[in-house]
Each structure stands twice: as structure tokens, then as C-alpha cells.
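# Notes for the structure review
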Amino acid sequence: MSSFGLLALGGNLPSQFGSPIQTLQESLIHLNRNDVHIRAVSRFFQTPCFPAEAGPDYVNAAVAIHTTLSAAELLTQLHKIESTFGRERLIRWGTRPLDIDLIGFESQVLPNASAWARWHDLPPEQQTQEAPEELILPHPRLQDRGFVLAPLMDIAPDWKHPVLGRTVAQMFGDLPEFAQKEPQPL
């Protein structure tokens, strides 16, 4: 049986495959193998680095996939791809050649609603210090990130968040105007 998933891709450092744009393009080839089949790819967007002046601008995109893998198996495969592209997890939210986040997987809430709520409600100052040890789905901060929602608008505007009950289009519309305008199509 095949499952539907949404991925967010980003990077702001070159890899052995070239610039961040070339890196994202090459990562799509690595993603679309074996048990993962790409169904849609967003435009690429340029987004300022966060925090400001912490590094070069990011290139971001979103991908819709079908896979026979479980969410945990898919995450393991995504981490292997990131590693192939030179990703090292040294600093939370640090600069990187490639980041692939599993944003949503069907309508699953993992590991459960209370664990999801804990990460969703984590104060911003703690978000930079703490990382979950287990897969949290849907991504607990996707509704706050224009650099994720803008690309998702291209491929899945009607996907509904299984906890918040809001579509991608509604969550994007809920963002402050500056956050909606920050990601610029390339």
C-alpha cells in the first residue's frame, strides 16, 4: 500500500553537487528512488536566513510523494540522503547544504497528540535548544513558516493539517504579511 507524504527541502550552502539550487535539483533524483515516488515539486524559493545574517539565503522547495515506507522508515531514508549531501547536525537550525523535513504523512499524528502538542507549544527560546528524539508529525512548526508554506501552496494548498484542521492555504493566509512575502520564487 502506498502512502502520501509532504516534504520540505532547503539549503543555503553548496554541496559536492554545486550551488544550493543544484543541490536541491540533485536531491530530487536521490529522493525519487526505490520506495519513494515524487508526484509533484514546487517552484524553488529564495528565503532569507534565520536568524538574520546567520548565513546566506536559503533555497526552499516542497515535494509531494507516494511511498510504501512507513513514516519512520522514510525519515531514516531522508537522513541518509542529507548525509550524502554533506549535512552535519552540529547546530540546531544551522547553515547546511541540504535539509529535508517530513512535514506530513497522510493524516498521521505521531507519536501521539499529547507529544505533538508538547512540541507545538514549546516556547521559541526552547525551540533552539531542544530537538525531539522521536518523529513528530505533522511538523510542529509548519504553520509558522512561510518558507515551508509558500512552496506547499504550489503542490498541496488543500492538504489539511490533521490537528489544526486548517489547509495549507488557510495556514499561509494566517501568516503575517511579511512572512508571506519573504519567500521569493526563483
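Since the structure is predicted, the reported quantities are computational estimates derived from the model, not experimental observations.

Let us look at the overall build of the protein. Regarding its fold elements, the protein presents seven helices and six strands. Taken from N to C terminus, the helices and strands of the protein fall in the order β-α-β-β-β-α-β-α-α-α-α-α-β. Whereas a compact globule of 186 residues would reach a radius of gyration of roughly 16 Å, the protein reaches 15 Å, a difference of no more than 12%. Oriented by its inertia axes, the alpha-carbon framework of the protein measures out at about 40 × 40 × 30 Å.

Counting across every chain of the model gives three salt bridges. Here Asp-174 ties to Arg-166 by a salt bridge, and the two come within 2.8 Å at their closest N and O atoms. Where Glu-177 meets Lys-181, a salt bridge forms, and the shortest distance between an N and an O atom there is 2.7 Å. Residue Glu-177 and its partner Lys-181 are located together in helix H7 (residues 177–181), separated by four residues, close to a single helical turn. Of the two residues, Glu-177 and Lys-181, neither departs from the other in class, the shared state being exposed.

A few words on the environment of Gln-22. Of note, Gln-22 is situated in helix H1 (residues 20–31). A sequence separation of 129 residues divides Gln-22 from Pro-151, and the C-alpha atoms of the two residues are 17 Å apart.

Below, the discussion takes up the environment of Lys-80. For Lys-80, the location among the structural elements is in helix H2 (residues 71–84). Considered as a pair, Lys-80 and Pro-176 are 96 residues apart in the sequence and their alpha carbons are 35 Å apart.

Quick look at the confidence of the model for the protein now. With 94% of its residues at a pLDDT of at least 70, the protein reaches an overall mean of 91. At the level of individual helices and strands, the protein shows its lowest average pLDDT in helix H4 (residues 124–127), which scores 71, and its highest in helix H6 (residues 168–174), which scores 98.

This part is about the pairing of strand E4 (residues 58–67). The element E4 is extensively covered by neighbouring structure, given that nine of its ten residues are classed as buried. Two strands pair when backbone bridges link them, and strand E1 (residues 3–11) and E4 are joined in this way by nine bridges, in the antiparallel orientation. Residue Leu-7 lies in a different strand from E4, and its bridge partner there is Val-63. Of the pairings in the sheet, the one linking strand E3 (residues 45–47) to E4 comprises three bridges and is antiparallel in character. The partner of Phe-45 across the bridge, within E4, is Asn-60.

This part takes up helix H3 (residues 113–120). Residues of H3 that are buried: Ala-115, Trp-116 and Trp-119. On an axial view of H3, the arc spanned by its buried residues comes to 100°, and they lie on one face. In this structure, H3 carries Ala-113 and Ser-114 as exposed residues pointing more than 90 degrees from its buried face.

Counting residues in each nonpolar core, the largest one holds 25 residues, and the members touching the most others are Leu-7, Leu-9, Leu-31, Leu-74, Ile-100 and Leu-102. Breaking this core down by element, the ones donating at least two residues are E1, H1, strand E2 (36–41), E4, H2 and strand E5 (99–105). Among all residues touching Leu-9, those that are not within four sequence positions of it are Leu-24, Ser-27, Leu-28, Leu-31, Val-59, Asn-60, Ala-61, Val-63, Asp-99 and Ile-100. Ranked by size, the runner-up nonpolar core spans 19 residues in total, among them Ala-8, Ala-150, Leu-152 and Met-171.

Now for the packing of aromatic side chains. Tallied over the full model, the rule gives one aromatic pair. Measuring from centroid to centroid gives 4.5 Å for Phe-17 and Phe-85, while their planes differ by 40°, and the two rings are tilted. Within this pair, whereas Phe-17 is found in the loop between E1 and H1, its partner Phe-85 is found in the loop between H2 and E5, the two being separated by 68 residues in sequence. A residue is classified by how much of its surface remains accessible, and Phe-17, at 30% relative accessible area, is partly exposed. The ring of Trp-119 is capped by Arg-118, whose NZ or CZ atom sits 4.5 Å from the centre of that ring.

Definitions and cut-offs
Residues numbered from 1 in each chain as written. Predicted model: local features only at pLDDT ≥ 70, side-chain atom pairs only at ≥ 80, totals over all residues. Heavy atoms only, no water. Helix = DSSP H or I, 4+ residues; strand = E, 2+ residues; numbered from the N terminus. Rg over C-alpha atoms; globule rule 2.2 N^0.38 Å. Salt bridge = Lys/Arg side-chain N within 4 Å of Asp/Glu carboxyl O. Buried < 20%, exposed > 50% of the residue type's maximum accessible area, 1.4 Å probe, protein only. pLDDT = per-residue confidence, 0-100. Pairing = 2+ DSSP bridges. Arc of directions from axis to C-beta. Core = buried A, V, L, I, M, F, W, Y, C linked by side-chain atoms within 4.5 Å. Contact = heavy atoms within 4.5 Å. Phe/Tyr/Trp six-rings, centres within 6.5 Å; stacked < 30°, edge-to-face > 60°. Lys NZ or Arg CZ within 6 Å of the ring centre and 35° of its normal.

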